[in-house]
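Listed below are the residues making up each chain.
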Amino acid sequence: MASMSIVKVAGVGKSFRGLHALSDVEFEVAEGEILGIIGPNGAGKTTLFNIVAGALKPDAGQVAFAGRDVTGHTPDRIARAGMVRTFQLMRPFASMSVLDNVGLAAQHRRFSRRKLREHALDVVERVGLGPWAHRVSTELPTAGLKRLELARALAMRPKVLLLDEVLAGLVPAEREPVLDLLALLREQEGVTVLFIEHIMAAVMRLADRVLVLDQGRVLALGSPEEVTSDARVIDAYLGEEPTHADA
Ligand SMILES: Nc1ncnc2c1ncn2[C@@H]1O[C@H](COP(=O)(O)OP(=O)(O)O)[C@@H](O)[C@H]1O
Ligand SMILES: [Mg+2]
């Protein structure tokens, strides 16, 4: 790969009371690349994000971001450096408006109040929540909460976005604009995206490469075509859960 790797995961291991959630996980992601991460439930996908984003310390191995070792750094420090994750379960501040929730995520940027508001509004519109900007976040339907979660991440101006099942719970018509937005972010701003996703159609469409995790190990890493035709991947994941192909 010609471009520099912006994320490098080397020899990462993590156990929970004897359960090997991750074992010797290694991969690199190039700047501007979109990496899909798939694997059965319990494969270690979210644990991997927790380690990359600093929420968990690995028992072994390192995570580097933009050439710097960030292993064990706090989530806050990693996010401010430019690597930002979304959560599988959304947790906005319930009593606040959509706009304020997004503004809060960008607060560390020391904008003036007015600039912060403009920036937040810009991001809110970008994810298609413009009409909801002044509504209380708890009024949002699932698709809206997902967009809000994405907006809060985008408000931090990430260089690397870690997305944990942002399409789950969305109907196909709601997924399209999210996929379009992610493609646009990469195209226009060179944002690198790592996304955990069960919906294979989305993985096939968006990912440059796909990392397959199974029982905490890297089972395969390659183009979407390569991994989906890999017999081990079909055995471990695709064959076993056919409903995921169009879920
Ligand atoms: N905080 C935790 N404490 C104990 N076990 C955990 C914890 N987080 C994850 N696990 C376990 O680690 C394994 C991997 O989980 P997870 O990373 O959530 O998988 P995935 O996101 O691929 O479904 C599972 O067996 C899960 O039960
Ligand atoms: Mg998970």
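Residues numbered from 1 in each chain as written. Chains lettered and ligands numbered in written order. Predicted model: local features only at pLDDT ≥ 70, side-chain atom pairs only at ≥ 80, totals over all residues. Heavy atoms only, no water.

Within an unreviewed UniProt entry, the label attached to the chain reads ABC transporter ATP-binding protein, and the organism entered is Amycolatopsis acididurans.

Colleague: Would you mind going over the overall build of the chain with me for this structure?
Modeller: Counting secondary structure elements, the chain contains nine helices and ten strands. Here the C-alpha radius of gyration of the chain, 18 Å, is about what a compact globule of 247 residues would show, namely 18 Å. The dimensions of the chain, computed from C-alpha atoms along their principal axes, are 50 × 40 × 40 Å. Evaluated residue by residue, the chain yields a buried proportion of 51% over its 247 residues. Of the roughly 11700 Å² of accessible surface on the chain, 51% is carried by carbon and sulfur atoms. Averaging the positions of the 29 positive and the 31 negative side-chain charges in the chain gives two centres separated by 10 Å. (Helix = DSSP H or I, 4+ residues; strand = E, 2+ residues; numbered from the N terminus. Rg over C-alpha atoms; globule rule 2.2 N^0.38 Å. Buried < 20%, exposed > 50% of the residue type's maximum accessible area, 1.4 Å probe, protein only. Areas by Shrake-Rupley, 256 points an atom, 1.4 Å probe, with all protein chains shown as cover. Lys, Arg positive; Asp, Glu negative; His and termini not counted. Charge placed at Lys NZ, Arg CZ, Asp CG, Glu CD.)

Colleague: Mind showing me how you'd approach unusual backbone geometry here?
Modeller: The bulk of non-glycine residues show a negative phi, and the bulk of peptide bonds are trans. The residue Ala66 is not glycine, and still its phi comes out positive at about 50 degrees. Relative to the helices and strands, Ala66 resides in the loop between strand S4 (60-65) and strand S5 (68-69). For Glu165, which is not glycine, the phi dihedral falls at a positive 50 degrees.

Colleague: Explain helix H9 (residues 231-238) here, please?
Modeller: Three- or four-residue spacings in an α-helix give side chains the same orientation, since the helix completes a turn every 3.6 residues. Those residues of H9 that fall on the buried side of the exposure criterion are Val233, Ala236 and Tyr237. Summarising the axial view, the buried residues of H9 lie within an arc of 80 degrees, below the 170-degree limit, and thus occupy one face. Residues of H9 that are exposed and point over 90 degrees away from its buried face: Ala231 and Asp235. Where H9 starts, the residue carrying a side-chain oxygen 2.8 Å from the main-chain nitrogen of Arg232 turns out to be Asp230. (Arc of directions from axis to C-beta. Polar contact = N/O pair within 3.5 Å; in protein donor to acceptor, adjacent residues only side chain to side chain.)

Colleague: Help me understand the site of ligand 1, please; the structure alone is not making it clear to me.
Modeller: Surveying the vicinity of ligand 1 reveals the residues Phe16, Leu19, Ala21, Pro40, Asn41, Gly42, Ala43, Gly44, Lys45, Thr46 and Thr47. Within the contact set of ligand 1, an oxygen atom lies 3.0 Å away from a backbone nitrogen or oxygen of Gly44. The contact in question runs from an oxygen atom of ligand 1 to an N or O atom on the side chain of Thr47, over 2.6 Å. Relative to its unbound accessible surface of 560 Å², ligand 1 loses 62% to contact with the protein. At the level of secondary structure, the elements contributing two or more residues to the shell around ligand 1 comprise strand S2 (19-30) and helix H1 (45-52). (Near = heavy atom within 4 Å.)

Colleague: Hey, could you run me through the packing of aromatic side chains in this one?
Modeller: Two aromatic rings, taken as a pair, are described by how far apart their centres are and by the angle between their planes. For the coordinates displayed, the defined rule picks out zero aromatic pairs. Here the guanidinium or amino end of Lys115 rests over the ring plane of Phe111, the centre of that ring lying 4.3 Å away. (Phe/Tyr/Trp six-rings, centres within 6.5 Å; stacked < 30°, edge-to-face > 60°. Lys NZ or Arg CZ within 6 Å of the ring centre and 35° of its normal.)

Colleague: In this structure, what is going on with the nonpolar core? I would like to understand it.
Modeller: Nonpolar side chains in soluble globular proteins tend to be buried together. With 52 residues, the main nonpolar core has Leu150 and Leu161 as its most contacted residues. The element contributing the most residues to this core is helix H5 (residues 142-154), with six residues. If you look at the next biggest cluster of nonpolar residues, it comprises 27 residues, including Ala43, Leu48, Phe65 and Val160. (Core = buried A, V, L, I, M, F, W, Y, C linked by side-chain atoms within 4.5 Å.)

Colleague: Before we go on, may I ask you to explain the pairing of strand S9 (residues 209-214) in this structure?
Modeller: Within S9, six of the six residues are buried, which leaves it mostly tucked inside the rest of the structure. Burial of the side chains of S9 extends over both faces: Arg209, Leu211 and Leu213 are buried on one face and Val210, Val212 and Asp214 on the other. In this sheet, S9 lies alongside strand S3 (residues 34-38) in parallel orientation, the contact comprising four bridges. Within the sheet, the bridge partner assigned to Ile38 lies in S9 and is Val212. Two elements, S9 and strand S10 (residues 217-222), share five bridges in a ladder whose sense is antiparallel. Bridge pairing links Asp214 to Arg217 in S10. Counting the residues between successive antiparallel strands, the hairpin from S9 to S10 contains two residues, one of them, Gln215, with a positive phi of roughly 50 degrees. (Pairing = 2+ DSSP bridges.)

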